[in-house]
Amino acid sequence: MRSLKAASILFMALSLLTLPGCWSSNEIEDLAIYSGVAIDEGDLSEVERGLEEKGGSYSKQNKITATVQIVPLKAGTKDEVKGKTSPYTNISGAGDSLLEIFRQFSLRLNKPIIGHHLKIIVISSQLLKERNIKQVADFMLRDNDIRPNVKIFVSQGEAMQILTTKLPDEVPSFFINDIVKNQFRSSKIMDPVQMTNLDALMYSKQSFILQTIVQAKRQLAFSGAGIIKGETGKWIGHLTEEDVECINWLTNASSSGIIKANNEEGDSIAYEVKGMKTRIRVHTEQDGRLIFQVRVESKGRISEDWSVEGNPSLSSYQKEAEKLFEQKLSMMMDHLLASMQDRYKVDVAKFCEIVRIQKPQLWKKVKSNWDETFSESTVNLDIHVNVTDYGSTTK
Amino acid sequence: MAVSKSFLGPNDKITTSQAAIFLNNAMLGAGILTLPRSVSESVKTPDSWISVLVGGLIAILVVVLMLKLSLRFPGKTVFQYTSAVIGRYPGMIWCLILVFYYIVIAGFEIRAMAEVTMYYLLEGTPIWAITIPFIWLGAYLVIGGIDAIARVSQIVFPISLCILILSYLLSLRLFELDNLRPILGDGLGPVIHGLKSTVLVYSGCEVVMTLTAQLENPKQALKAVLTGVGIPIGLYLFTVIMVIGGVSVDSAVTSTWPTIDLVRSFEVTGFLFERFEFLLMVIWLMQMFCNYSCFFYNSSLGLSQLFKLPYKAVIFALVPVIFLVTMIPQNMNELFGLGDAIGYLSILLFLLFPVFLSLLALMRFGGGGGARHEKS
Amino acid sequence: MLSSIQSHIPSWTVFFQAFIALVIPILIYRVYVRLDNLGEDKLSSSGSANIESSRDPLVADYDDNMQLIKSRIGANSDVVIREVTVGGVVKAALIYVKGMQEDHLLNMRIIQSLKEMDAQIPEQIMERFPGSSAHAVSSATEFSQGILIGFMALIIDGRKEGLLITPPQCPSREVSEPVSESLLRGSRIGFTEDLSINTALLRKQGLSEDLQIRSCLVGQTIQRELAIAYMDHIVNPDLLREVNDRVAQIKLDYIAESGYIEQFIEDNYLSPFQQVQNTERPDRVIAALLEGRVAILLDGTPFALIVPVTFSMLLQSPEDYFERWLPGTLLRMLRFGAAFISLMAPSLYISFISFHPGLIPTELALTIIETRQGVPFPALIEVLILEISIEILREAGIRLPKPIGPAMGIVGGLVIGEAAVQAGIVSPFLVIVVAATAISSFSIPVYSAGITLRILRFAAMLFAAILGMYGTILFFLLIVCHLSKLKSFGVPYISPFTPYRWSDWKDFFVRVPIFLMKKRPKLMKTMQSKRK
């Protein structure tokens, strides 16, 4: 009998413990998954303005506007949704802190939003001109839902617009996330900066670049990159697509892409890069200035040749073409170096890594004002292009 | 050929492989999740892996010393032979400190486990709901004695090893050798500075002193112990190399749980589990369970042997004690502070103590034959 | 200093929680100890003490004997007593049970020869009877029991003993294919209900002087024959002694099936895992004997028991060895995977759906969200609805006559599943999960192991519903802890998994080529370690 009693007490105690259980339980369909975030300068959207007129506001200064892209919010079966409504919903709000804005969405949505499936963050360059990227991204770095592999982009113009691009049956954030995978076809797409990288970059106060997304007529494209100055964390300028390409080649991040040159007649000739290898050595001069010896070697094929006369299968013609490409490439490189050293005075092509690894003692000294040191240093280019084949036609 | 052992006899002895895994599990705990950060914080260069390696070598030395000491007293645990070496009351006090240490370290492991779980898996669940079932489960296992713990460890360890290695291999896509260069760019200074925090992760190796008494085959003790220490050293080394190489020193320093963040930094698309941190955390929960059980076992064994108390009663009595220890740190900083404190205690007690005890034993009982003198 | 210590003293709620943390395990432990003690009693309490068969010898006088026999069993309508006179002088009677002696020709010959026999040579009477099992008994009890078992018995006036002449020929089932363990490749012979046929089947597996079969009677009110089979020179004597002891301790008035024995001799009756394996296949029994195990066969059931059993045996099938080693290995690993799925799949579903939406790949998460729109229940209830209906369906399928069974499966599985999805009670994704679970559990070769997993699956679901993935892990650890403490006849249940014995691993997850499996399992501590 006593065991029965003990058993019943036990049962009651256990059920008391377990009944209030399921603390963290939340059915997946009752959650709103957001896949993209856009952050702009603080500006009230039309909806919010309407709400505020009716008194729907709280104390804030509208420092930023955040837009989240929620997929799929609509209830109902697949067939009903398809075609009639877009597969995503955007909602934006202005405020002073991202977390506060996100929590404010709880007043406007019937489901809590969760960030586990966040793929991309787009920040407008306008906002970054004024605010440190650390301030803007701090919430994302700390939040436990958001994964560290979220990709970060900057936008020319409003970031919000990037997420509202009209694409048939496509969610813009997934769309952008997928464009990155085209990297093997174009070296103008840089390795995306992920949250983990951002964390480390901000900690070490390095300058870096973020891929820029532009948008026109509700179509979007990747184009060049925005420079973030390490010390201030602010956007200071824009690099062109070719510059990004060169950075990719300089940092060995990419060994694909094409180089297009014009011959004397003005005909296009395109060189498809099959391999690109960059070696950089660093020396110091007496006056303490640094000299970088950059040796770029490339192999590839002539994939398109508009010139009527030329014969790409001739080695003499190939030599000429190689010269053309080398010139073109060094022109592109020079443009990049000019931008980095003279115009913006930053190092975003990871020259610092070279110094850190090859001259660790020196690195300690120059670390604190690396960008200046770099802009004063000399970069010698040594470019070799080697045409190895000319496609499936000899002419 | 012939049957050597009773078929149904009580089984409180463990084989060589079990001893190795037991020791291994005592050392592999929450450390693997935080080590890259703690070591990078003090080293500040990519050379942290050298610190880990050197720290490991020190740990091997200490463990071998403890083993030699314990082998002088066959069949006796540290709780039984200490009094013989340094006298009854000093020995008692010493053993109580040891038990206290085991209890605190068990509480620390559980708390770390609970923090990771609450942060990544169960946001909003009260902490007692996470820790209490865990402690109960440990008590259930510990009642089964060292044999049961060793068995569970042997089941869990291969699984966790596979998943860990798999996660690291998958993270190779992030791995950049440049993140690990230059080697010794700042000389040996930072490496030595980092030793302090690496020795901390090897705390737990003290279980050798109780383990030796339960070996089925004490002749192979050295082999067991070296394997048992070698595996965690290898894993810690591998972890630090992969994390630093994958996310760079700067990121490792800023991340609370750098190892989890490394695995969170990539997605394996097209696989059932795109997200390996899930697997890693799940597996590591089990590993931490074994880890905590080792300490639970050692503390209850210690108490029951010291005061001649029934083993099961001690286990039940320790359940609320461990729970209270678990709840003492009030925030993450205090938790990590507790971890550091455990490490320092470990250095103080277990680097110096075995040396001291060995010397004393050598003086009192002469070389080699200590135990025989003891018996006669 | 003091204030910092003060600030670290936990609040009273924490102390209360600590108290709870102390009390509940103690309660559980006490309940467990009580239940366990109940189990201790099972070997001794039930039934009265062994009835000492009262020495009631048969006497020389025919009429007295007849009186005795008739008073004991004569009232039964199926006992036939046929009085004859040997050689026309000596009184004698043939006694048998109707239905047990169907061979009429033999009966006629016996009667014939009795009549024609010379009344003066009763001493050699035994030799005259056809059949090998004729023997004499002197105790009336034994004699009447012999008749009831089915012997044709003879009493002759002037002899102090009764003769049991022809053995029972009671109707028995033909040897047929084992229903519960059918194989594609391998012998199609299964045990029958007759013990002598079963032991014969064992002997027929191959010639060996080492194969020992010892039998005894079990049961107090109704006795049955039980045989213990083992390989001499291989089996560990301690194990054999333990098995004999445990069998000898069984006190029960009637043992209907070997399941009764299983429940009496198992180590831990509170464990959900079976610690004794049952099988219908003689080849399986012989293979186990060669590994140093002991088999227990009971008259009246085709299920033999094998002890000790280890976890890995529950996932092995004889086919693994009959097929080549690669397919054998593949199938075995598949089974391990299936066991895992059938145990864990629903609880993983619950923890993902209700707790960790972030751990599902994004695209899958979106699909699940779409399909779960409008499902009114939380994941646990949803899974329970479907799981319980599948279990009912399965149970019903076994009871139904063969021709209807499959039809019901189709109706139940397809129609209900489809309709439930259409009605929006469950999500299609769950139907996949539950179906995969059910199919996986069918692939487990030992039926009773499958049931264990089915029970545990529900426990896993509850754990998952409370603590999500963490709960599932706790559950898994609980199972592992339990298994590592469980023993079957002194053999740790999860060996050969741990401690690592590589030679035993050759026949665990993988099945290495047979020529490499030269050793008997070390875990059995056999007398011969090599397979000769």
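Residues numbered from 1 in each chain as written. Chains lettered and ligands numbered in written order. Predicted model: local features only at pLDDT ≥ 70, side-chain atom pairs only at ≥ 80, totals over all residues.

K.L.:
What exactly am I supposed to notice about the overall build of chain C here?
P.N.:
When helices and strands are tallied, chain C shows 18 helices and 12 strands. Dimensions of chain C along its principal axes, counting C-alpha atoms only, are 110 × 65 × 50 Å. By residue count, 38% of the 532 residues in chain C fall in the buried class. Here the analysis covers contacts within chain C between residues at least 6 apart in sequence; of these, 66% occur between residues at least 24 apart. (Helix = DSSP H or I, 4+ residues; strand = E, 2+ residues; numbered from the N terminus. Buried ≥ 20, exposed ≤ 12 C-beta atoms within 10 Å, placed from the backbone. Contact = placed C-beta atoms within 7 Å.)

K.L.:
How should the UniProt feature "transmembrane region" (unreviewed entry) in chain C be read in this particular structure?
P.N.:
Residues and elements named next belong to chain C. According to UniProt, the feature "transmembrane region" (unreviewed entry) maps to residues 12–32, 294–315, 336–355, 405–423, 429–447 and 459–480 in the numbering used here. Helix makes up 100% of residues 12–32 and strand 0%. Its end C-alpha atoms lie 30 Å apart. When the span residues 429–447 is considered, its composition is 79% helix and 0% strand, and the gap between its end C-alpha atoms is 27 Å. (UniProt positions renumbered as here; feature names shortened; annotations may be inferred.)

K.L.:
Just to check I follow, could you spell out the sheet that holds strand β4 (residues 152–156) of chain C for this structure?
P.N.:
Note: strands within a sheet are paired through backbone hydrogen bonds, in either parallel or antiparallel orientation. Residues and elements named next belong to chain C. Across the sheet, five strands lie side by side as β1-β2-β4-β5-β3; this open sheet has antiparallel pairing. Of all strands in the sheet, those bounded by a partner on one side alone are β1 (79–86) and β3 (135–137). Averaged over neighbouring strand pairs, the angle between their axes works out to 25 degrees when direction is ignored. Across three bridges, β3 lies against strand β5 (residues 162–166) in antiparallel orientation. Bridging across to β5, Ala-136 finds its partner in Leu-163. Packed on one face of the sheet, helix α4 (residues 104–116) meets β1, β2 (90–97) and β5 and runs near 30 degrees to β1. Contacts from helix α6 (residues 140–149) reach β1, β2, β3, β4 and β5 within the one sheet, and its direction differs from that of β2 by about 50 degrees. (Pairing = 2+ DSSP bridges. Axes fitted to C-alpha atoms, helices over the stretch in contact; angles between N-to-C directions.)

K.L.:
Would you mind showing me how to read the domain arrangement of chain A here?
P.N.:
Think of interface size as the accessible area that goes away when the parts come together; that is how it is often given. Residue and element names in this part refer to chain A. Partitioning chain A into domains gives domain 1 (27–239) and domain 2 (241–395). Here the C-alpha centroids of domain 1 and domain 2 sit 33 Å apart. Across the boundary between the two partners, domain 1 contributes 20 residues, which contact 19 residues of domain 2. Listing elements by their share of the side of domain 1 that touches domain 2, those giving two or more residues are β8 (208–216), β9 (219–228) and β10 (235–239). The biggest single contributor to the side of domain 1 that touches domain 2 is β9, with four residues. Residues that form the side of domain 1 that touches domain 2 fall into these classes: eight nonpolar, nine polar and three charged. (Domains from an automatic or database assignment. Nonpolar A, V, L, I, M, F, W, Y, C, P; charged D, E, K, R; others polar.)

K.L.:
Help me understand the packing of helix α2 (residues 31–43) of chain B against helix α3 (residues 48–71) of chain B in this model?
P.N.:
Geometry of a packed helix pair, given as the angle between the helix axes and the separation of the axes. All names here are of chain B. Relative to each other, α2 and α3 sit at 110 degrees, their axes nearing to 9 Å. Between α2 and α3, the interaxial angle falls into the category roughly perpendicular. Facing Val-39, Ser-40 and Val-43 of α2, the residues of α3 in contact are Ser-48, Ser-51 and Val-52. Along the lines of polarity and charge, the residues of the contact of α2 with α3 split into three nonpolar, three polar and no charged. (Parallel < 35°, antiparallel > 145°, perpendicular 65-115°, else oblique.)

K.L.:
Can you help me understand the nonpolar core in this one?
P.N.:
As a rule of thumb, nonpolar side chains are buried together in soluble globular proteins. The biggest cluster of nonpolar side chains holds 282 residues, and the ones touching the most others in it are Leu-23 and Cys-205 of chain B. Setting aside residues no more than four positions away along its own chain, Cys-205 of chain B makes contact with Leu-23, Ala-26, Met-27, Ala-59, Val-62, Val-63 and Val-229 of chain B. Formed by 38 residues, the second largest nonpolar core is a distinct cluster that contains Ile-255, Phe-264, Val-285 and Ala-288 of chain C. (Core = buried A, V, L, I, M, F, W, Y, C linked by C-beta atoms within 7 Å.)

K.L.:
Got a minute to help me understand the sheet that holds strand β13 (residues 290–305) of chain A in this structure?
P.N.:
Residues and elements named next belong to chain A. Read from one edge to the other, the open sheet built from four strands follows the order β11-β12-β13-β14, with strand pairing classed as mixed. Either end of the sheet is taken by a strand with one partner, and the two such strands are β11 (258–262) and β14 (378–389). Along the sheet, successive strands turn relative to each other by an average axial angle of 35 degrees, direction set aside. Alignment of β13 against β14, held across 11 bridges, turns out to be parallel. Directly across from Lys-299, in β14, lies its bridge partner Asn-386.

K.L.:
Help me understand the interface of chain B and chain C, please; the structure alone is not making it clear to me.
P.N.:
Taken together, the contact pairs 43 residues of chain B with 40 residues of chain C. Here the residues of the side of chain B that touches chain C sort into 31 nonpolar, eight polar and four charged.

K.L.:
Help me understand the pairing of strand β6 (residues 211–218) of chain C, please; the structure alone is not making it clear to me.
P.N.:
Each regular strand carries side chains that alternate between the two faces of the sheet. Residues and elements named next belong to chain C. Direction of pairing for β6 relative to strand β7 (residues 224–231): antiparallel, over a ladder of eight bridges. Across the sheet, residue Ile-213 finds its bridge partner in β7, namely Ala-229. Taking the residues between adjacent antiparallel strands as the criterion, β6 and β7 are bridged by five residues, where Gly-219 takes a positive phi near 100 degrees.

K.L.:
Looking at this model, I keep getting lost on the confidence of the model for chain A. Mind explaining?
P.N.:
Detailed reading of the predicted model is not advised wherever pLDDT is low. When pLDDT is averaged across chain A, the result is 83; 91% of the residues are at 70 or more. pLDDT under 50 marks residues 75–82 of chain A. Its contacts with residues more than four places away, or in other chains, come to seven contacts. (pLDDT = per-residue confidence, 0-100.)

K.L.:
Before we go on, may I ask you to explain the domain arrangement of chain C in this structure?
P.N.:
Taken domain by domain, chain C consists of domain 1 (62–166), domain 2 (195–309) and domain 3 (332–492). Taking the mean C-alpha position of each, domain 1 of chain C and domain 3 of chain C sit 62 Å from one another.

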